[in-house]
Amino acid sequence: MPKDSKIVTTDRLILRPFELGDTEDYAAILAQPEVVRFLPGGRERAKRALAIAEDLVRTFVAIWTEAPGYGPWAVIEKDSGALIGHHGLRLLPELDDQTELLYMLDSEVWGRGYASEGALAARDYGFEHLGLERLIALVVPENHASLRVAERTGMRRVKGFIEAFGLELVKYEMDRDLWRQLKDLDR
């Protein structure tokens, strides 16, 4: 891990805390209806992309310096230097303070494996650096690509569905013991 423990690098990505200067690039991603279709608010969210981006970027900047001290990162593609979305961890007070592994990427980079690459890095950061005991992922059942990403991280699907953020969602989870088992298998 780099000297700045808030920054994580993978083979092709740099995951770093958001900066206020990221707002316009982030808004351009949020303005893509296909990118936001499975998020709360769905495609209508794209119409308010700039206002949402301004609010989210301010929130993401603050949570890295305040409680809980971690949150979604800006995802930078190493080759191009472009901001291509967000990846990371988010504390969910509305769900008993569980920590969610989440991501959203520009449709221009879909199919390159960045979602899985970033999810694995965020998962490991949560357990190794933050010492978390459990992570969850919440996915709209129709979002088959994100279901596969959750499975690639080694998370296990919880039976049934949960209601959260006005959506019916599939829940995946992983505890520290399962993560350790998977890491041992990778050696």
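Residues numbered from 1 in each chain as written. Predicted model: local features only at pLDDT ≥ 70, side-chain atom pairs only at ≥ 80, totals over all residues. Heavy atoms only, no water.

**Q** Explanation requested: a negative patch on the surface in the structure shown.
**A** The grouping of Glu24, Asp25, Glu54 and Asp55 at the surface amounts to a negative patch. Listed by contribution, the elements that provide at least two residues to the negative patch are helix H1 (23–30) and helix H3 (49–65). Its place among the elements puts Glu24 in helix H1. (Patch = residues over 30% accessible without salt bridge, like charges linked within 9 Å, V, L, I, M, F, W, Y side chains within 5 Å. Areas by Shrake-Rupley, 256 points an atom, 1.4 Å probe, with all protein chains shown as cover. Salt bridge = Lys/Arg side-chain N within 4 Å of Asp/Glu carboxyl O. Lys, Arg positive; Asp, Glu negative; His and termini not counted. Charge placed at Lys NZ, Arg CZ, Asp CG, Glu CD. Helix = DSSP H or I, 4+ residues; strand = E, 2+ residues; numbered from the N terminus.)

**Q** What is the right way to read the pattern of salt bridges from this model?
**A** Should the charged atoms of two oppositely charged side chains come close, the side chains can pair. The full count for this structure, using the stated rule, is 11 salt bridges. The salt bridge involving Arg16 is made with Glu19; its shortest N-O contact spans 3.9 Å. Of the charged contacts in the structure, one is a salt bridge between Arg16 and Asp22, with a shortest N-O distance of 2.9 Å. Of the two residues examined, Arg16 and Asp22, each falls in the buried class. In this structure, a network of salt bridges that share partners links the residues Arg16, Glu19 and Asp22. (Buried < 20%, exposed > 50% of the residue type's maximum accessible area, 1.4 Å probe, protein only.)

**Q** Hey, could you run me through unusual backbone geometry in this one?
**A** Both trends apply: most residues other than glycine have a negative phi, and most peptide bonds are in trans. In this chain, Ala67 is followed by Pro68 through a cis amide linkage whose omega measures 5°. Mapped onto the elements of the fold, Pro68 is located in the loop between H3 and strand S3 (72–77). Located in the positive-phi region is Asp96, a residue other than glycine, with phi close to 55°. Within the fold, Asp96 resides in the loop between strand S4 (83–92) and strand S5 (98–105). Taking the relative accessible area as the measure of exposure, Asp96 reaches 73% and is therefore exposed. Look at Asp97: it is not a glycine, yet its phi comes out positive at around 60°. Along the chain, Asp97 falls in the loop between S4 and S5. For Asp97, a relative accessible area of 48% gives the class partly exposed.

**Q** What is the right way to look at the side chain of Lys171 in this model?
**A** On the secondary structure map, Lys171 appears in strand S9 (residues 167–175). Look at Lys171: it is buried, it has no salt bridge, and the nearest opposite charge is Glu173 at 4.0 Å. Excluding anything up to four places from it in sequence, Lys171 contacts Gln98, Ile136, Ala137, Leu138, Arg156, Arg157, Val158 and Ile162. (Contact = heavy atoms within 4.5 Å.)

**Q** How should the layout of surface pockets be read in this particular structure?
**A** In this approach a probe as big as a water molecule rolls over the atoms, and the regions it shows empty are the leftover space. The volume enclosed by the largest pocket comes to roughly 1200 Å³. Surrounding the largest pocket, 47 residues form its lining, Leu39, Leu102, Tyr103, Met104 and Ser146 being those nearest its centre. Of all the secondary structure elements, the ones that give two or more residues to the lining of the largest pocket are helix H2 (33–36), H3, S4, S5, helix H4 (114–129), strand S6 (134–139), helix H5 (144–152) and S9. (1 Å grid on protein atoms, 1.4 Å probe; cavity = no way out; pocket = protein on both sides within 12 Å on 5 of 7 lines; lining within 4 Å. Points joined across faces, edges and corners; volume = space filled by probe spheres on them.)

**Q** When you look at helix H6 (residues 176–186) in this model, what are you seeing that I'm missing?
**A** Side chains of residues three or four places apart in an α-helix project in the same direction, reflecting 3.6 residues per turn. When we look at burial in H6, the residues that qualify are Arg176, Leu178, Trp179 and Leu182. Each buried residue of H6 lies within a common arc of 160° when the element is viewed along its axis, so the set occupies one face. Pointing more than 90 degrees away from the buried face of H6 are the exposed residues Gln181 and Leu185. The backbone nitrogen of Asp177 lies 3.2 Å from a side-chain oxygen of the residue at the head of H6, namely Asp175. (Arc of directions from axis to C-beta. Polar contact = N/O pair within 3.5 Å; in protein donor to acceptor, adjacent residues only side chain to side chain.)

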